[in-house]
Amino acid sequence: YTGDTLRPRLQAVMTPWVNEGFFADVAVLVEGEDDRAAILGMAISMKHDFDSDGISVIPCMGKNNLDRPLIIFQRLGIPVYLIWDGDHGKPDAKAEDNRRLLRLLGQPEEDWPCSVQDRHGCFKTELETTLAEEIGKDLFDRLLSEAQGQLGIPQKKDALKNPFVLKQIVEKASAESKTSATLKGIVEKIVALKPQRGGGS
């Protein structure tokens, strides 16, 4: 990219959400608002208050918009945690998208990553699929149906894109002693990135 071609591309991703990251102790970059809701829901269930802790969870409106905020925050020395869907098995999925993000993170490249690491977490297919598998599909479907009824959202696909729905599923599943080990692991890694105050020079 040249300066002239990069400027309009940066303007597209410099949203009010992303601007929060410049003032954060930790910037967590996710694809969309549904991912943000699930992460915040899990954090709340684990008794973490990300707002008070200076942790901003920032939706970047798609996997292909994660790279530029990641690079900017890294260059500014702001700790970043990156979360994305590997999209394995989806008809329009491109392995190179996953490889590019892993390269930017300094990680070994692979087509369809699925792991929770110190600075990134990647779901093999997508967050919602992993959540359903780990808390149990029956419970997931029941909580989803309850949320749809409460909010008057008849279509399942629309409900799954509603941040409140995912947050409610995560919190209610936790109240029934069911949790997503993957999401829990991600929240633990995010909290560990927060700079420690006081002590030392």
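Scroll up for the structure.
Quick notes on the rules
- Once a new chain begins, its residue numbering starts again from 1 and follows that chain's sequence as written.
- In view of the model being predicted, local features appear only for residues whose pLDDT reaches at least 70, and side-chain atom pairs are presented and counted only at 80 or more, with totals across whole chains, interfaces and linings using the full set of residues.
- Heavy atoms throughout the structure, all of them, feed into the side-chain values; hydrogens and water do not.
- Helix and strand assignments follow DSSP, with helices taken as H or I runs no shorter than four residues and strands as E runs no shorter than two, numbered in order from the N terminus.
- Expected helix span is given by 1.5 Å per residue-to-residue step, counting one fewer step than there are residues.
- Think of it in three bands: residues with accessible area under 20% of the maximum for their type are buried, residues over 50% are exposed, and the middle band is partly exposed, with areas taken using a 1.4 Å probe on protein chains only.
- Polar contact is the term for a pair of N or O atoms within 3.5 Å; when the atoms are in protein, one must be able to donate a hydrogen and the other to accept it, and sequence-neighboring residues count only if both atoms are side-chain atoms.
- One requirement defines pairing of two strands: DSSP has to find at least two bridges between them.
- The contact criterion used is simple: two residues touch if any of their non-hydrogen atoms lie within 4.5 Å.
- Where helices are involved, their axes are fitted lines through C-alpha atoms of the stretch in contact, as for all axes, and angles between N-to-C directions lie from 0 to 180°.
- Side-chain atoms within 4.5 Å are what join buried Ala, Val, Leu, Ile, Met, Phe, Trp, Tyr and Cys residues into a set we call a nonpolar core.

(A) Focus on helix 9 (residues 163–175). Spanning 13 residues, helix 9 covers 19 Å between terminal C-alpha atoms, matching the ideal 18 Å at 1.5 Å per step. Those residues of helix 9 that sit buried are Val165, Leu166, Gln168, Ile169, Val170 and Ala173. A distance of 2.8 Å separates the backbone nitrogen of Phe164 from a side-chain oxygen at the start of helix 9, and that oxygen is part of Asn162. Just downstream of helix 9 lies Ser177, where phi reads positive at about 60°.

(B) Just the sheet that holds strand 1 (residues 26–30), in detail. Strand order in the open sheet formed by five strands is 2-1-3-5-4, and the pairing between neighbours is mixed. Of all strands in the sheet, those bounded by a partner on one side alone are strand 2 (55–59) and strand 4 (115–116). Across two bridges, the pairing between strand 4 and strand 5 (residues 120–123) is antiparallel. Bridged to Val116 within strand 5 is Gly121. Along the sheet face, helix 5 (residues 95–104) touches strand 3 (80–85) and strand 5 and points at about 170° away from the line of strand 3.

(C) Up close: the nonpolar core. Counting 38 residues, the largest nonpolar core has Val28, Ile39, Phe50, Ile83, Leu183 and Ile190 as the members making the most contacts within it. When residues of this core are traced back to their parent elements, those giving at least two are strand 1, helix 3 (33–45), strand 2, strand 3, helix 6 (127–135), helix 7 (137–151), helix 9 and helix 10 (181–193). What Ile190 contacts, discounting residues up to four positions off in sequence, is Val26, Val28, Ile39, Phe50, Ile55, Tyr81 and Ile83.

(D) A look at the environment of Ala24. Along the chain, Ala24 turns up in the loop between helix 2 (16–20) and strand 1. Remark: the alpha-carbon pair of Ala24 and Val57, spanning 33 residues in sequence, is separated by 9.6 Å. In contact with Ala24, not counting residues within four places along its chain, are Gly54, Ser56 and Ile78.

Keep in mind these numbers describe shape, not what the thing actually does.
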